[in-house]
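Structural features, examined
Given next are the chains, with one letter for each unit.
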Amino acid sequence: MCIRDSGYSDDSLTLRGEGAGASLLIDGDLQGIYAQGGVAVQNCNLTVGIRSTEASEEKVSDGTMSSFTFGCIRAGGGLLIEDSNIDLSSQKGTENNKKTYAGIGAATGRVDIRNCSITIDAASTGIQSSNKPLNIENCTLDIRGDETAAIVCQWSTVALTGCKGTVASGGAQGVGITAQRAKGSITLTDCQLSLDSAYYGIMALADSVYLNSSTLDFPAKTRYGIYAADKIEASNGSAVNGQNCTFVCYMPAESGCTIDEGSAVNGVQLFNGKKNVTVLGTFTFLKEYMAAVGDVMEGKLFTVDEGAEATVAEDAVLDITEAASVSIEGKLINHGIWRLNGEKAVNTGTIVNWRSVEETADTAIRNNGAAYSVCTCLLYTSPSPRDRQKSRMPSSA
């Protein structure tokens, strides 16, 4: 049994385990743990399974009950979880195989999760704070929230410190980590996270994203790796690996993301009201990437940033003929087909061409840097008559 002491005073609930290995299993139809005030879970191996039925789902569908009814841990006030292993992955309905709507949520108070292992598989939201800050520290994460987001704060900030693991959202426009309103910044410090979301990996809808000594990977195709309405800053050895992102960073602001000397952002960023497309770090234009981008280059200011290295893959076509301008300030290596309007293009960096550069008629790129074209054709030498005679096969008898 997990509970050493529990209380329900002032509409609050506390579950505290005694000794190592203390555990509690909760199975329910509507909710696992709920209090109108605060909820605290400490030193506990807690498993909560919500298995909705046709009857309970009908009550939610007709408005008799809120959709938040299907939740594993929900507090009307604040929520504290520390020194615990939380498993909220067995949340599927019986008749309709419906997953629970929410894993962990707090309505009016802050959410603090510390020194935990958290596993969540939710149809809507993994972890949510509606009105106050959401802080997660020193946790191992395996969190999925499909329809909405894995981790979301509606009206305040999100901060993850010393966390590692996977944050995922399988919805068509799902988000990994998001803060939704003004003064809703997202800060990651000393984190190593894999963000597996189809649309947004991280989204600060009305504020900024700060990365400090953190590493982000995107293992599958993601439309926007990081979105911030204001700014994106990567510092103190942070690394963002955006090869699988259509745009690793997306900002409406006039300036792109800020990267200090010891940090790296790899990928293509979109900023300045979608007017600027810039390659950062190391990035390869693959065939499937160009298919996803489509005609997004039309009217854009295309740049390979100073110090960046962009590669066009062997079977890819980088067509930027309709770009408003092209500036190669770093290095571009072409193994495929590169199409451009030379009148709008200037090279102050390095271009290495292994295959084909197609320029519009009577135009040539202005070259103020270094440009190399490498010939890789095969040479064939016809054999001499004497060689042919020596190599002739004997006739059959």
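Just above sits the structure.
Residues numbered from 1 in each chain as written. Predicted model: local features only at pLDDT ≥ 70, side-chain atom pairs only at ≥ 80, totals over all residues. Heavy atoms only, no water.

1. Some details on the pattern of salt bridges
Applying the stated rule across the entire model yields six salt bridges. Across the pair R114 and E82 runs a salt bridge whose closest N-O atoms are separated by 3.0 Å. Of this pair, R114 sits in strand β10 (residues 111-114) while E82 sits in strand β7 (residues 79-82), and the two are 32 residues apart along the sequence. Relative accessible area serves as the criterion here: at 27%, R114 is assigned to the partly exposed category. E82 gets classed as buried once you look at its relative accessible area, which sits at 15%. Two residues, R339 and E358, come together in a salt bridge whose shortest N-O distance is 2.8 Å. Taken together, the residues R339 in strand β37 (residues 337-340) and E358 in strand β40 (residues 356-359) connect sequence positions 19 residues apart. A relative accessible area of 33% means that E358 is categorised as partly exposed. Bridged by salt links that share partners, the residues D319, R339 and E358 form one connected network. (Salt bridge = Lys/Arg side-chain N within 4 Å of Asp/Glu carboxyl O. Helix = DSSP H or I, 4+ residues; strand = E, 2+ residues; numbered from the N terminus. Buried < 20%, exposed > 50% of the residue type's maximum accessible area, 1.4 Å probe, protein only.)

2. Side note on the sheet that holds strand β19 (residues 186-189)
Spatially, 10 strands are ordered β1-β4-β7-β10-β13-β16-β19-β22-β25-β28 in an open sheet, and the strand pairing comes out parallel. Taken across any chain shown, the strands that pair with only one partner, and hence form the sheet edges, are β1 (13-16) and β28 (258-259). Examined bridge by bridge, strand β22 (residues 209-212) and strand β25 (residues 232-235) share four bridges and lie parallel to one another. Each bridged residue has a counterpart across the sheet, and for N212 the counterpart in β25 is S235. (Pairing = 2+ DSSP bridges.)

3. Let's talk about the nonpolar core
Core analysis: the largest hydrophobic core is formed by 68 residues, its most contacted members being I73 and L160. When sequence neighbours within four positions are dropped, the list of residues in contact with L160 reads I136, L141, I151, I177, T187, L188, T189, C191 and L193. Ranked by size, the runner-up nonpolar core spans 38 residues in total, among them M203, A316, A323 and L340. (Core = buried A, V, L, I, M, F, W, Y, C linked by side-chain atoms within 4.5 Å. Contact = heavy atoms within 4.5 Å.)

4. Some remarks on the packing of aromatic side chains
Scanning all chains against the criterion turns up 11 aromatic pairs. Arranged with centres 5.9 Å apart and planes meeting at 70°, the rings of Y200 and Y227 form a pair that is edge-to-face. One end of the pair, Y200, is in strand β21 (residues 200-204); the other, Y227, is in strand β24 (residues 222-228), with 27 residues separating them in the sequence. When sorted by exposure, Y200 lands in the same class as Y227, which is buried. A ring pair is formed by Y227 and Y250, whose centres lie 5.0 Å apart and whose planes are at 65°; its orientation type is edge-to-face. Taken as a pair, Y227 in strand β24 and Y250 in strand β27 (residues 245-250) lie far apart in primary sequence, 23 residues in all. (Phe/Tyr/Trp six-rings, centres within 6.5 Å; stacked < 30°, edge-to-face > 60°.)

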